[in-house]
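# Structural characterization, general
Single-letter residue listing:
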Amino acid sequence: MARSVTTQRKSLNTFIAWTIGLLIFFPILWTILTSFKTEAQAIADPPVWFFFDWTLENYRVVQERSNYSRFLWNSIIIAGGSTILGMIIAIPAAWSMAFVPSNRTKDILLWMLSTKMLPAVGVLYPIYLIFIRFGLLDTRIGLTLVLMLINLPIMVWMLYTYFKEIPGEILEAARMDGAGLKEEILYVLTPMAIPGIASTVLLNIILAWNEAFWTLNLTAARAAPLTAFIASYSSPEGLFYAKLSAASTMAIAPILILGWFSQKQLVRGLTFGAVK
Amino acid sequence: MGQIVLQQVTKSFGEVTVIPPLDLTIEDGEFTVFVGPSGCGKSTLLRLIAGLEDVSSGEIRIDGKESASIPPAKRGLAMVFQSYALYPHMSVRKNIAFPLRMAGLDRAEQDRRVEQAASVLNLTDYLDRRPGQLSGGQRQRVAIGRAIVREPAAFLFDEPLSNLDAALRVGMRLEISELHNRLKTTMIYVTHDQVEAMTMADKIVVLRAGFIEQVGSPLELYKNPRNLFVAGFIGSPKMNLIEGAEAAKHNATTIGIRPEHIHISAEGGAWSGTVGVSEHLGSDTFFHVQDTGLGDTVTVRADGEVSFRHGDRIFLTPRDEMIHRFDAQGLRIA
Amino acid sequence: MSTKASRSAARLMLAPAVILLLGWMLVPLTLTLIFSFQRYLPLRGGFQGWVGFENYVRFVTSSAFWPSVQATVIIVGGVLLITVTLGILLAILLDQPMWGQGMVRILVIAPFFVMPTVSGLVWKNMFMDPNNGLLSHLWRSVGADPIIWLSDASMLSIILIVSWQWLPFATLILLTAIQSLDSEQLEAAEMDGAPMLSRFWHIILPHLARAITIVILIQTIFLLAIFAEIFVTTQGSFGTRTLTYLIFQRVLESQNVGLGSAGGIYAVILANIFALFLMRIVGKNLDR
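Just so it is clear, the structure is predicted and the values come from calculations on it, not from any experiment.

## As for the overall build of chain A
- Within chain A one finds 13 helices and zero strands.
- Tracing chain A from N to C terminus, the helices and strands come up as α-α-α-α-α-α-α-α-α-α-α-α-α.
- For the C-alpha atoms alone, the extent of chain A along its principal axes is close to 70 × 70 × 35 Å.
- Burial statistics for chain A: of 276 residues in total, 52% are counted as buried.
- Nonlocal contacts in chain A, meaning residues at least 24 apart in sequence, comprise 79% of its contacts between residues at least 6 apart.

Shown next, in the form of structure tokens:
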């Protein structure tokens, strides 16, 4: 609203919004704070807030005892790999549907969406069997493939809505100007599509990083990413709050940062372009 | 050189026929305007010539060469789009140079041609800006610049002025006409605005539902519209069309008389009526006269000084030699 | 843009995505369908004969079925109620002029980026633990007996945890929708003498109707499938065994694949009912 509001009203808004915002954020903040405490301080009653002996000990222990970096590496490979692989398949598909629509395009798009809605638990055992049969169980390649497939519809959709915003006339102009398919993609389409592609990549990394059905059910020791590593704290180890916090902080920090960059794209990606 | 011949060209999208068999010849150096209401197929026709759509059947010959199977870039045509279709991520210079770059010209030649086009179009100061930083008129000129540098056999314009405001539109109209006079290259121009068609064209092609209703110079169309559709479409304000007894007097089903061919007076005349809305433009005044017993409201053009008030009783006299007669099929009676 | 050459190139580019997704959908689903008509126990040699619809009947008549449906409905319904209501209020609040708006928004959406296993465990241990959790400290500090959240108030706990994760999603989408509301509309209503509350009811809420529907449908589809939050907290005990979790247990824990597969088919059908509504809205949006 392009209207000036009294300072009083604005102060009140600010106060309420910050209070609620901090309340919602509090569990994350508390986790981060706790990760720097000693185990005793972590469960102290009354709780200690900021004035404690800040220590990095928990981070060191988590890394040493449970080889945290291996799980991190698995997460990076799986989230990154499934995103790259997915984009290689999704970009041409979205491109063709956005710029050379046929009368079946809409049906294909909706059908792709419907595959995303397939409940994972409904196909759990067949996938499990197929994984055993092809030696994919507890491998990074297997998990990469599955995460690529479950997020492919979102990638195609999101790219499609971005590509749709590139006016067809521009590509026609390029064609009139003598650009072949290769030049068209290289000099015109790609530079115009890069912001959309970047947001799609970002959202997909977030989704793949946090996926916690297949990563829990299809991995054991070797290929387990951070989701599964954290889940191992549901055993009595979880009682070591400071270490749980340190592990959690490391697992969520990269994605929290990426996520903040992608708020706007998140809406488009998760509503399949229905809300922009 | 840029003669374009269309022979028995048709286009259908699935079941829907947009262009039924159509023949048309556009002579080299001619400024041809395709005009018609929206959905009449004029843009499709232009895109068929450009090669952006495949013809369903028929032949398109550009400079005598059968072109229906040649890709757009190889037809030697340049197109200016309605949305200008500038590349938003390139500077003006790069936009204009793009077709030259695609054609593989060396850098020096590219620069020379870009500079030349820019000076013709008053864009020299803007060469390093992005399209997003330009006004509508400037963007339009960049789009034209991109077309000029290719030295095409013909220019194709797809409603290029429809996104500009009224004042700019008049200016750009003159610029494009001036460009045509200087380059003497074939131009095909698509518009739904009959004023643009009348003011710019050597030859107007009036289209309706894919059919050519009439082809001719602006004055031919104005003086001798072949049928009711052309009569109603060309001229502003529109021709008054009168049916019934008054038309029967002239042995016609419908007669048409343009507002500028009716004399208005307070004393007496052939028809009488009362003044409804009057539009004062300064130079002219248009009266919308009601209760004439002729059916619709009759529009009359008078001098700017003539002033009747709302509700005044007045008399109208059409100039007999300017009455157009149409038969029951809507065709002109010679 | 549609010449023959470009059309066949387009088909070629679309093919890999279509073929992969088709395979991903059809192969496992067909297998599930086949298993659902079999007595299939991997620990006892696998295939033990065809049983027709027996698994389907057994699945719905087992004593665990109706409680699991009930748990699913309560969790999904509870989370939807909380996230949509609070989401609307938060979206309106965040749309007001204030200092540090961008920062507040970042704080509010942050929980969405926390992986489900982390949020499950952080809530379970650091907040809801009856001895050392922060909430139990809070209860004791006012002299009350701490609640044993995950057993005594298990459903409420799960709903709280999941709502915390999904509130950002609802808020963000509703905020985006509110920002697309033409401010002139609100000003016109103000000129017409509509007070704040009726402006909310007659203009803001109807404007949000479509976004709210989308939030409900998308969340429903994801919430029906929540898994990790339960896996790391109650493991399905204390009445928190949802349909998804029940099927998971049948298939992987008790290794009764036939029975679990029949349940899986039920889950697929259920998800498709909601998906159908969602697709209709999304599809309409495509035409525009």
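## Observations regarding the environment of Gly41 of chain B
Residues and elements named next belong to chain B.
- Turning to its location among the elements, Gly41 is positioned in the loop between strand 3 (31-35) and helix 1 (42-50).
- Taking the C-alpha atoms as reference, Gly41 lies 9.5 Å from Lys11; in sequence the two are 30 residues apart.
- Residues contacting Gly41, with those up to four places away along its chain left out, are Val18, Ile19, Leu207, Ala209 and Gly210.

## Some remarks on the domain arrangement of chain A
Residue and element names in this part refer to chain A.
- Per the domain assignment, the segments of chain A are domain 1 (7-59) and domain 2 (66-270).
- One C-alpha centre belongs to domain 1, the other to domain 2; they are set 32 Å apart.
- Listed as interface residues are eleven residues of domain 1 and, on the opposing side, eight residues of domain 2.
- Looking at the side of domain 1 that touches domain 2, the elements with two or more residues in it are helix 1 (7-34), helix 2 (39-42) and helix 3 (57-66).
- Top contributing element to the side of domain 1 that touches domain 2 by residue count: helix 1, with three residues.
- Looking at the side of domain 1 that touches domain 2 residue by residue, the classes come out as four nonpolar, five polar and two charged.

## Focus on the sheet that holds strand 7 (residues 154-158) of chain B
All names here are of chain B.
- Taken together, the six strands give an open sheet; going across it, the order is 6-7-8-3-9-10, and neighbouring strands pair in mixed fashion. With partners counted over all chains shown, the strands left at the sheet margins are strand 6 (77-80) and strand 10 (211-216), one partner each. Across the sheet, the mean angle from the axis of one strand to that of its neighbour is 15°, orientation sign disregarded.

## Let's talk about the sheet that holds strand 13 (residues 262-265) of chain B
Residues and elements named next belong to chain B.
- Strand order in the open sheet formed by five strands is 13-17-14-15-16, with antiparallel pairing between adjacent strands. Only two strands of the sheet have a single neighbouring strand rather than two, namely strand 13 and strand 16 (298-303). Averaged over all pairs of adjacent strands, the angle between their axes in this sheet comes to 45°, without regard to strand direction.
- Pairing of strand 15 (residues 284-290) with strand 16, which is carried by six bridges, proceeds in the antiparallel orientation. From the neighbouring strand, His288 faces strand 16, where its bridge partner is Thr299.

## Points about the confidence of the model for chain C
Residues and elements named next belong to chain C.
- When the pLDDT values of chain C are averaged, the result is 85; 97% of them are 70 or greater.
- Element-level mean pLDDT values for chain C span from 77 in helix 9 (residues 183-191) up to 92 in helix 3 (residues 65-95).
- What the predictor reports for the complex is a pTM of 0.76 with an ipTM of 0.85.

## Some details on the interface of chain C and chain A
- Contact residues are listed per partner, giving 90 residues for chain C and 93 residues for chain A.
- Tallying contributions element by element places helix 1 (residues 4-36) of chain C first for the side of chain C that touches chain A, with 18 residues.

## Some words on the nonpolar core
Residues and elements named next belong to chain A.
- Judged by nonpolar contacts, the single largest core of 260 residues is most densely connected at Ala94 and Val156.
- The element contributing the most residues to this core is helix 7 (residues 140-164), with 16 residues.
- Other than its neighbours up to four places away in sequence, Ala94 contacts Val156, Leu159, Tyr160 and Phe163.

## Quick look at helix 1 of chain A
- Along helix 1 of chain A, the helix axis deviates most sharply at Phe26 of chain A, where the bend reaches about 55°; the proline Pro27 of chain A sits within four residues downstream.
- Of all the residues in helix 1 of chain A, the buried ones are Asn13, Ala17, Gly21, Ile24, Pro27, Ile28, Thr31, Leu33 and Thr34 of chain A.
- Next to the buried residues of helix 1 of chain A lie helix 2 and helix 12 (241-261) of chain A together with helix 3, helix 4 (101-109), helix 5 (116-127) and helix 8 (154-179) of chain C.

## Notes on the packing of helix 3 of chain C against helix 8 of chain C
Residues and elements named next belong to chain C.
- In contact at an axis separation of 6 Å, helix 3 and helix 8 are set at 40° when each is read in the N-to-C sense. Here helix 8 runs oblique to helix 3, going by the angle between their axes. In the crossing of helix 3 with helix 8, the sense of the turn from one axis to the other is right-handed.

## What about unusual backbone geometry?
All names here are of chain B.
- Note that the residue after Ser236, namely Pro237, is joined by a cis bond; omega there is -5°.
- Relative to the elements of secondary structure, Pro237 occurs in the loop between helix 8 (228-233) and strand 11 (240-243).
- For Asn122, which is not a glycine, the phi torsion comes out positive at approximately 60°.
- As for its placement among the helices and strands, Asn122 is situated in the loop between helix 3 (107-120) and helix 4 (136-148).
- C-beta crowding within 10 Å serves as the criterion here: with 12 such atoms nearby, Asn122 is assigned to the exposed category.

## What about the environment of Thr44 of chain B?
All names here are of chain B.
- Checked against the element boundaries, Thr44 lands in helix 1.
- Under the C-beta neighbour-count criterion, Thr44 is labelled buried, with 20 such atoms within 10 Å.
- Residues Thr44 and Gly210, 166 residues apart in the sequence, show an inter-C-alpha distance of 9.0 Å.
- Sequence-distant contacts of Thr44, defined by excluding residues within four places in its chain, comprise Lys11, Val18, Ile19 and Glu53.

## Re the environment of Pro168 of chain C
Residues and elements named next belong to chain C.
- By secondary structure assignment, the location of Pro168 is in helix 8.
- Separated by 71 residues in sequence, Pro168 and Gly239 have C-alpha atoms that sit 27 Å apart.
- With sequence-adjacent residues up to four places away left out, Pro168 is seen in contact with Val108, Ile109, Pro111 and Phe112.

Calculation notes
- Residues numbered from 1 in each chain as written.
- Chains lettered and ligands numbered in written order.
- Predicted model: local features only at pLDDT ≥ 70, side-chain atom pairs only at ≥ 80, totals over all residues.
- Helix = DSSP H or I, 4+ residues; strand = E, 2+ residues; numbered from the N terminus.
- Buried ≥ 20, exposed ≤ 12 C-beta atoms within 10 Å, placed from the backbone.
- Contact = placed C-beta atoms within 7 Å.
- Domains from an automatic or database assignment.
- Nonpolar A, V, L, I, M, F, W, Y, C, P; charged D, E, K, R; others polar.
- Pairing = 2+ DSSP bridges.
- Axes fitted to C-alpha atoms, helices over the stretch in contact; angles between N-to-C directions.
- pLDDT = per-residue confidence, 0-100.
- Core = buried A, V, L, I, M, F, W, Y, C linked by C-beta atoms within 7 Å.
- Bend = angle between axes of the 7 residues up to and from the residue.
- Parallel < 35°, antiparallel > 145°, perpendicular 65-115°, else oblique.
- Left-handed = near helix turned anticlockwise from the far one by under 90°.

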